[in-house]
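Now for the letters of each chain:
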Amino acid sequence: MAIDSDHGDGDLQIGGAPQRFLGWVLGCSQRGYGAGGNTKCRDDSGRGRPVLRHIAIWGVQALLVFVVPLAHADSGILVVYAEQYRPYSWQDGTRVQGLEVELAEEILQHRMGLVVEHRVLPWARAQADVSMGNADFFFAVETPDRNLFSRPIGGGLIPWRASVFVRSKDGGGLSGETIGLDVLCGPKTGAVRGNGWVKKHLPCGTLSLANSPQALVRMLLMKRTDLIVDDGLMLRSTARQLQVENDLLEIPLKGESVSIQFRISLKSSHRALIPQLEKAIDAMRVDGTLKRIIGQYAEPLRP
């Protein structure tokens, strides 16, 4: 599976600084190593040293540098989140925060006493890491595809309800109304890429996907789509972040709400913790902690 990288191909030239660096790695001085030079360098005793042996050593070292960081320490737990998905998860500087982050810390760190690392990633990359076992947990709505590489713990945690958003000036008399899925058949509809609910429930029509909630809201305001449908809590938070709350009208969508689940990778080395994790989540429901944390991020529909 290909993984996106922010790095380019690197400096592949033969001469100059890369050549001198390679010479240093091979234990050769700048004088003793040059482009097109001999395949051996001299050590301090004057004896020849095969370059290939040092290339092999350098190759192993490079493999350790670039491959090992992809895994996480056995003693710790890695939870991955969608980037810039307010109020569920986002990152300011080095700090990862949001509703899902608080829940993960409560479950894993406060209730279980485990070492936890939080990491935000592009949503496709986050799911790929869980699928490959490079990450242990993530929060997501259940889909058939996600069931192939992960399983939920403790049932649904966060209520998720879709809402339709239109431009305020196009809303007319729709304020306070509730509409059904059939309304999505005619207009051009937008949603965030990776939205499992939309993929499952959109009955018909044309669907345009955006890479982030911010891009989705801008898509609507630029009239590249007629309406957008996604999690109301997320879109309200995004509109406030972009300072365009007055430019959008939210219309509740009929239908059952679904739940965001706390899911563990089927390849995680921490699967033995599942019974304890489920007890911790049950305790959070009983003592009101789960409701309290969710309530800190809940927002009412804008009239």
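From a predicted model like this one, the values you see are computed outputs, not experimental measurements.

1. A short note on the packing of helix α8 (residues 213-221) against helix α9 (residues 232-242)
Each packed pair of helices is defined by two parameters, the angle between the axes and the distance between the axes.
Here is step 1 of the chain: It is the contact of α8 with α9, at a shortest axis distance of 9 Å, that shows an interaxial angle of 75°. With respect to their mutual orientation, α8 and α9 come out roughly perpendicular. Between α8 and α9, the contacting residues are P213, Q214, L216, V217 and R218 on the first element and M234, L235, T238, Q241 and L242 on the second.
Here is step 2 of the chain: Taken together, the residues of the contact of α8 with α9 sort by class into six nonpolar, three polar and one charged.

2. Description of the pattern of salt bridges
Here is step 1 of the chain: Evaluated as defined, the whole model comprises nine salt bridges.
Here is step 2 of the chain: In this structure, the salt-bridge partner of R111 is E106, at a minimum N-O distance of 2.7 Å.
Here is step 3 of the chain: E106 gets classed as buried once you look at its relative accessible area, which sits at 13%.
Here is step 4 of the chain: A salt bridge links R125 to D129, with the nearest nitrogen and oxygen atoms 3.2 Å apart. Of the two residues, R125 and D129 are both situated in helix α4 (residues 123-132); the distance of four residues between them amounts to about one turn of the helix.
Here is step 5 of the chain: We classify R125 as partly exposed; its relative accessible area is 24%.
Here is step 6 of the chain: Judged by relative accessible area, which is 3%, D129 ranks as buried.

3. Topic: the nonpolar core
Here is step 1 of the chain: If you look at the biggest cluster of nonpolar residues, it comprises 75 residues, and the most contacted ones within it are V79, Y88, L108, F137, F139 and V164.
Here is step 2 of the chain: If we ignore the near neighbours within four places in the chain, the residues touching Y88 are Q97, G98, L99, E100, V101, I158, P159, W160, D231, L233, M234 and I260.

4. Section: helix α11 (residues 289-297)
Here is step 1 of the chain: The set of residues buried in α11 consists of T289, L290, I293, I294 and Y297. Projected down its long axis, α11 shows its buried positions confined to an angular sector of 125°, all on one face.
Here is step 2 of the chain: Close packing links the buried residues of α11 with β4 (90-92), α3 (99-110), β8 (150-160), α9 and α10 (274-286).

5. Notes on the pairing of strand β3 (residues 76-82)
Here is step 1 of the chain: Most of β3 sits inside the fold, with seven of its seven residues counted as buried.
Here is step 2 of the chain: Across seven bridges, the pairing between β3 and strand β6 (residues 115-121) is parallel. If you follow A82 over to β6, its bridge partner there is L121.

6. Notes on the packing of aromatic side chains
Think of a pair of aromatic rings as described by two things: how far the centres are apart, and how the planes are tilted against each other in angle.
Here is step 1 of the chain: For the structure on display, the rule yields seven aromatic pairs.
Here is step 2 of the chain: Arranged with centres 6.3 Å apart and planes meeting at 15°, the rings of Y81 and F139 form a pair that is stacked. Remark: F139 occurs in strand β7 (residues 137-141) and Y81 occurs in strand β3; sequence separation between them is 58 residues.
Here is step 3 of the chain: Accessibility expressed as a relative area gives 3% for F139, which makes it buried.

7. With respect to the confidence of the model for the protein chain
Low pLDDT means the predicted atomic positions in that stretch should not be read closely.
Here is step 1 of the chain: Taken residue by residue, the protein chain gives an average pLDDT of 78. The fraction at 70 or more is 71%.
Here is step 2 of the chain: With pLDDT under 50 throughout, residues 1-74 is counted as low confidence; its partners more than four residues away or in other chains account for 52 contacts.

8. Overview of unusual backbone geometry
Here is step 1 of the chain: Across the junction of R86 and P87, the peptide omega takes the value 0°, indicating a cis bond.
Here is step 2 of the chain: Secondary-structure assignment places P87 in the loop between β3 and β4.
Here is step 3 of the chain: The backbone of Q243 shows a phi angle near 60°, a positive value even though the residue is not glycine.
Here is step 4 of the chain: Relative to the assigned elements, Q243 resides in the loop between α9 and β13 (248-252).

9. Re the sheet that holds strand β11 (residues 206-210)
Here is step 1 of the chain: Strand order in the open sheet formed by five strands is β11-β10-β12-β9-β13, and the pairing between neighbours is mixed. Each of the sheet's edge strands pairs with one partner strand only, and the pair in question is β11 and β13. Taken over all neighbouring pairs, the strand axes of this sheet differ in orientation by 30° on average, direction set aside.
Here is step 2 of the chain: Direction of pairing for strand β10 (residues 188-192) relative to β11: parallel, over a ladder of five bridges. Bridge pairing in β11 links G190 to S208.
Here is step 3 of the chain: The sheet contacts of α9 involve β9 (162-167), β10, β12 (227-231) and β13, and relative to β12 the element is tilted by about 115°.

Cut-offs used in this document
Along each chain, residues carry numbers from 1 onward, in the same order as the chain's sequence is written. Reporting of local features is limited, given that this is a predicted model, to residues whose pLDDT is at least 70; pairs of side-chain atoms are given and counted only at 80 or more, and all residues count toward the totals for whole chains, interfaces and linings. Side-chain metrics in this entry use all non-hydrogen atoms of the structure; hydrogen atoms and water are not considered. Only C-alpha atoms enter the line fits that serve as axes; for helices the fit covers just the stretch in contact. Angles between N-to-C directions range over 0 to 180 degrees. Runs of H or I in DSSP of at least four residues are treated as helices and runs of E of at least two as strands, each being numbered from the N terminus. In what follows, roughly perpendicular refers to angles from 65 to 115 degrees, roughly parallel to angles under 35, roughly antiparallel to angles over 145, and oblique to any angle outside these ranges. Pairs of residues are marked as contacts when any of their non-hydrogen atoms sit within 4.5 Å. Under the scheme applied, nonpolar residues are Ala, Val, Leu, Ile, Met, Phe, Trp, Tyr, Cys and Pro; charged residues are Asp, Glu, Lys and Arg; polar residues are all the others, including Gly. For salt bridges, the criterion is a side-chain nitrogen of Lys or Arg within 4 Å of an Asp or Glu carboxyl oxygen. Here the term buried applies to any residue with accessible area under 20% of the maximum for its type, exposed to any over 50%, and partly exposed to those in between, with areas from a 1.4 Å probe on protein chains only. The definition of a nonpolar core used throughout is a set of buried Ala, Val, Leu, Ile, Met, Phe, Trp, Tyr and Cys residues joined through side-chain atoms within 4.5 Å. Relevant arc is that of directions from the helix axis to the C-beta atoms, nothing else. In this description, strands pair whenever DSSP reports at least two bridges between them. The aromatic pairing rule takes the rings of Phe, Tyr and Trp, using the six-membered ring of Trp, and pairs them if the centres are within 6.5 Å, calling planes under 30 degrees apart stacked, those over 60 edge-to-face and the rest tilted. On a scale of 0 to 100, pLDDT captures the predictor's confidence in every residue.

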